[in-house]
Amino acid sequence: MSSQRIGIFDSGVGGLTVLRELYRQLPSESILYFGDTARLPYGNRRMSEILTFVREILTWMQQQSVKMVIMACNTSSALALETVRSEFNFPILGVILPGARAAVQQGRRIGVIATPATAASNAYRRAIHEIDSTVQVWQVGCPAFVPLIEQNRIHTPDTYQVAREYLAQLLEQQIDTLVYGCTHYPHLAPVLKSILPRTVRTVDPAVYVVRAMAQELDLLGLKNTSPPQPTRFCVSGDPHHFAQLSVQWLGCTPIVEQVWLPAVSLGPAKIESLERE
Ligand SMILES: N[C@H](CCC(=O)O)C(=O)O
């Protein structure tokens, strides 16, 4: 039993799709949400930058005494999870493996829409093929989506237009399953579903990472049994913008704090290895 918070983070409002699942599946947990809005989008950045950002966020979350963390960000899960997992003394879950497992259970021709960094990392293809190497996978980087969502331009003709272009590449391959390989994209579900044929099933990894977290909490005896505290929302950028944008998904205006992350000093060996990338 533990009343400590679960930490979840993303570059911006994408993590709210994971938060929604936490509310649904684990309603008695208290949550700390962090959006690195001063530095979004993450999806065009280099691995060394993402690693530094993730280390700063996790160091800050450790200072806030979280009991477990979900990287509610595919880009961080693809580029940084394996490296940072052993650096912290709390369990850290990423979204890619749970998403890949769910996709393999649903289809044999799998399309993944993701940020350019996640698509280029090949993380989904690798994870899917580790489970079943006979499944076919196509990954498409969608650089326009996150800025459109963060600017609250979801239901605009521009968004429909770019969505049609990105999905065309996958529909040509006759996919039967589409993975939302970026936590922002379930916010676009009405747009995407209006373009996809009914036969294509969608996978939202948020559902499955929260399921995995529920099991882990159980296993470690860390479930919260006392009444949960209100979610604490923190961002690195403008708290008002985040609050206004989030209302549509939260159903209420959140209280949002701006916080400053601790600078993480890297040892010489680490700097050297990052420079080699
Ligand atoms: N929502 C994040 C980050 C998107 C971005 O900032 O580019 C992801 O799942 O990849």
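Every value quoted in this text rests on a predicted model; they were computed, and no experiment measured them.

Enquirer: Describe in detail the overall build of the chain, supporting the description with residues and values.
Expert: The helix and strand inventory of the chain stands at 13 helices and ten strands. Taken over the C-alpha trace, the chain has a radius of gyration of 18 Å; the compact-globule value for 277 residues is 19 Å, and the two agree within 12%. Dimensions of the chain, computed from the C-alpha atoms along their principal axes, are close to 50 × 45 × 35 Å. Within the chain, contacts between residues at least 6 apart in sequence are counted, and of these 76% link residues at least 24 apart. Total accessible area on the chain is roughly 12200 Å²; 51% of this is exposed by carbon and sulfur atoms. Across the chain, 24 positive and 23 negative side-chain charges occur, with their mean positions spaced 5 Å apart.

Enquirer: Give a description of the site of the ligand that names residues and reports values.
Expert: With respect to spatial proximity, 13 residues lie near the ligand, and among them S11, Y42, N74, T75 and H184 are the closest. G43 is positioned such that a nitrogen or oxygen atom in its backbone is 2.8 Å from an oxygen atom of the ligand. In the environment of the ligand, a nitrogen atom lies 2.9 Å from a nitrogen or oxygen atom belonging to the side chain of T183. Within the complex, 99% of the 290 Å² of free accessible area of the ligand lies under protein. Its residues assigned to classes, the shell around the ligand comprises five nonpolar, seven polar and one charged.

Here is what the cut-offs are and how they apply
Within each chain, residue numbers correspond to sequence positions counted from 1 in written order. Where local features are concerned, this predicted model is filtered to residues with pLDDT of at least 70; where side-chain atom pairs are given and counted, the filter is 80 or more; whole-chain, interface and lining totals use all residues. Calculation of side-chain values draws on the structure's entire complement of heavy atoms; hydrogens and water are dropped beforehand. Each helix is a run of DSSP H or I of at least 4 residues and each strand a run of E of at least 2, with the numbering of both proceeding from the N terminus. For this measure, only C-alpha atoms enter the radius of gyration; the expected value for a globule follows 2.2 Å times N^0.38, where N is the number of residues. By definition, residues are in contact when any of their heavy atoms lie within 4.5 Å. Accessible surface is estimated by sampling points in the Shrake-Rupley manner with a 1.4 Å probe; for residues, cover comes only from the protein chains shown. Working convention for charge: Lys and Arg count positive, Asp and Glu count negative, and His plus the chain ends are omitted. One atom stands in for each charge, and that atom is NZ of Lys, CZ of Arg, CG of Asp or CD of Glu. Put simply, a residue is near a molecule or strand once any heavy atom of it comes within 4 Å of that molecule or strand. In protein, a polar contact means a hydrogen-donor-capable atom and an acceptor-capable atom, both N or O and within 3.5 Å, with residues adjacent in sequence counting only if both atoms are side-chain atoms; elsewhere, any N or O pair within 3.5 Å suffices. Under the convention adopted here, Pro, Cys and the residues Ala, Val, Leu, Ile, Met, Phe, Trp and Tyr are nonpolar, Asp, Glu, Lys and Arg are charged, and Gly plus all remaining residues are polar.

Function cannot be read off these values alone, since they describe shape.
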